[in-house]
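What follows is each chain in one-letter form.
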Amino acid sequence: MTVAVRVIPCLDVDGGRVVKGVNFRDLRDAGDPVELAAAYDSEGADELAFLDITASSDGRETMYDVVRRTAEQVFIPLTVGGGVRSADDVDRLLREGADKVALNTAAVARPELLRAAARRFGAQCVVLSVDARRSPQTDSGFEVTTHGGRRGTGIDAADWARRATELGAGEILLNSVDADGTKRGFDLGLIAAVRAVVSVPLIASGGAGALAHFGPAVDAGADAVLAASLFHFGELTIGAVKDALAAAGHLVRPVSVRETWDAG
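Read on for a plain summary of the structure. (Residues numbered from 1 in each chain as written. Predicted model: local features only at pLDDT ≥ 70, side-chain atom pairs only at ≥ 80, totals over all residues. Heavy atoms only, no water.)

1. Remarks on the overall build of the protein
Okay, so step 1: A tally of helices and strands in the protein yields 12 helices and 12 strands.
Okay, so step 2: Going through the 264 residues of the protein one by one, you find that 57% of them count as buried.
Okay, so step 3: Of the contacts formed within the protein by residues at least 6 apart in sequence, a portion of 64% connects residues at least 24 apart.
Okay, so step 4: Taken as a whole, the protein presents about 11000 Å² of accessible surface, with 49% of it coming from carbon and sulfur. (Helix = DSSP H or I, 4+ residues; strand = E, 2+ residues; numbered from the N terminus. Buried < 20%, exposed > 50% of the residue type's maximum accessible area, 1.4 Å probe, protein only. Contact = heavy atoms within 4.5 Å. Areas by Shrake-Rupley, 256 points an atom, 1.4 Å probe, with all protein chains shown as cover.)

2. Topic: helix α4 (residues 87-96)
Okay, so step 1: When α4 is considered as a whole, its buried residues turn out to be A87, D89, V90, D91, L93 and E96.
Okay, so step 2: Where α4 is buried, its residues contact α3 (64-71), β5 (78-81), β6 (100-103) and α6 (112-121).
Okay, so step 3: Positive backbone phi, approximately 125°, marks G97, located one or two places after α4.

3. With respect to the side chain of H232
Okay, so step 1: Within the secondary structure, H232 is located in helix α10 (residues 229-232).
Okay, so step 2: Using a relative accessible area of 10% as the deciding quantity, one classes H232 as buried.
Okay, so step 3: There is a polar contact of 2.9 Å between the side chain of H232 and the backbone oxygen of C10. (Polar contact = N/O pair within 3.5 Å; in protein donor to acceptor, adjacent residues only side chain to side chain.)

4. Structural notes on the packing of helix α1 (residues 33-43) against α3
Okay, so step 1: Their axes nearest at 8 Å, the elements α1 and α3 cross at an angle of 25°. Considered as vectors, α1 and α3 are oriented roughly parallel to each other. Considering only the axes of α1 and α3, their crossing is right-handed. Together, P33, V34 and A37 of α1 and V66, R69 and T70 of α3 make up the contact between the two elements.
Okay, so step 2: Here the residues of the contact of α1 with α3 sort into four nonpolar, one polar and one charged. (Axes fitted to C-alpha atoms, helices over the stretch in contact; angles between N-to-C directions. Parallel < 35°, antiparallel > 145°, perpendicular 65-115°, else oblique. Left-handed = near helix turned anticlockwise from the far one by under 90°. Nonpolar A, V, L, I, M, F, W, Y, C, P; charged D, E, K, R; others polar.)

5. Looking at the pattern of salt bridges
Okay, so step 1: Applying the stated criterion to the full structure yields 15 salt bridges.
Okay, so step 2: In this structure, R133 and E143 form a salt bridge, with 2.8 Å as the shortest nitrogen-oxygen distance. Highlighted residues: R133 in strand β7 (residues 126-134) and E143 in strand β8 (residues 142-146), separated in sequence by 10 residues.
Okay, so step 3: On the basis of relative accessibility, which here comes to 26%, the residue R133 falls in the partly exposed class.
Okay, so step 4: Measuring nitrogen to oxygen at the nearest pair gives 2.8 Å for the salt bridge that ties R134 to D187. Linking R134 in strand β7 with D187 in the loop between β10 (171-176) and α8 (188-195), this pair joins segments that are 53 residues apart in sequence. (Salt bridge = Lys/Arg side-chain N within 4 Å of Asp/Glu carboxyl O.)

6. Regarding the nonpolar core
Soluble globular proteins tend to bury their nonpolar side chains together.
Okay, so step 1: If you look at the biggest cluster of nonpolar residues, it comprises 73 residues, and the most contacted ones within it are L103, I172 and F214.
Okay, so step 2: Other than its neighbours up to four places away in sequence, L103 contacts V84, V90, L113, L114, A117, V126, V127, L128 and S129.
Okay, so step 3: The next biggest cluster of nonpolar side chains, apart from the first, holds 11 residues, and it includes C10, V127, I203 and A228. (Core = buried A, V, L, I, M, F, W, Y, C linked by side-chain atoms within 4.5 Å.)

7. Regarding unusual backbone geometry
Okay, so step 1: The phi angle at K183 is positive, at roughly 60°, despite the residue not being glycine.
Okay, so step 2: In this fold, K183 is placed in the loop between β10 and α8.
Okay, so step 3: In this structure K183 comes out as partly exposed when scored by relative accessible area, which is 29%.

8. Details of the pairing of strand β11 (residues 202-205)
For a regular strand, side chains alternate in direction, first toward one face of the sheet and then toward the other.
Okay, so step 1: Side chains L202 and A204 project from β11 onto one buried face, and the interleaved I203 and S205 project onto a second face that is buried too.
Okay, so step 2: Of the strand pairs in this sheet, β10 and β11 are connected by four bridges, and their pairing is parallel. When the bridges of β11 are listed, L173 appears paired with I203.
Okay, so step 3: A crossover connection joins β10 to the parallel β11 through α8; in handedness this β-α-β unit is right-handed.
Okay, so step 4: In terms of strand pairing, β11 meets strand β12 (residues 224-227) through three bridges, oriented parallel. (Pairing = 2+ DSSP bridges. Right-handed = clockwise from strand over helix to strand, strands pointing away.)

9. Re the packing of aromatic side chains
Okay, so step 1: Under the defined criterion, the tally for this structure stands at two aromatic pairs.
Okay, so step 2: In this structure, R92 packs its charged tip against the face of Y64, placed 3.7 Å from the ring centre. (Phe/Tyr/Trp six-rings, centres within 6.5 Å; stacked < 30°, edge-to-face > 60°. Lys NZ or Arg CZ within 6 Å of the ring centre and 35° of its normal.)

10. Let's talk about the packing of α3 against α4
Okay, so step 1: Direction vectors running N to C along α3 and α4 enclose 35°, while the axes themselves pass 8 Å from each other. Residues Y64, V67, R68 and A71 of α3 touch α4, and the partners they reach there are D89, R92, L93 and E96.
Okay, so step 2: Split into classes, the residues belonging to the contact of α3 with α4 amount to four nonpolar, no polar and four charged.

The following block contains the structure:
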């Protein structure tokens, strides 16, 4: 059965505001997460990602109040990540309204956290977030970074993705540190390298800059495409991305589906 490609706006949150930069740096304000979440829901987004991008590097908890207010505004699946260090943190985020929780830095430090979370809440709730950058020192050519892309680990990104799914991760959010915010296109090599070793759904993130960039990401192996600044600053709409994907031969959910259901 062919599954529709999901289009996912990403809210990178710092200090309670949505921000966006290039290569995880030089952040600029992009708006209020609650307002943006409501807008994307009404525009036909299939899911929404909320990533507290400085929680781990600052050594603090995720901003639960902002997560809760964001969750109250959307009727589509919400994935939340940033600063998640334990299964209890996953539990609290699910209680605050998240449908899935993304694990990154803490999972690299303690891989058993993935197994514990999957056993307690189900693999469908556990998303492995991988911030990867190109590295000639790894077999795949990509290494895992942590703390919002600030620290290299020397861990092969493809190997880590494979191991994480064996531990219980039910989905992978694959972020290219090199492509992030550049608008030059997704890192197709990274997507293909990870797709070759995992069978779980794969979300491609980092580098979207034009309608023509989304189809190739799916062709490379992505099940979903994620973008941030393009949507935040009004350069592209969710509907336009879906139209481009459909024109490229990919199945997408029509933007009008939820509105029609609501009216029914």
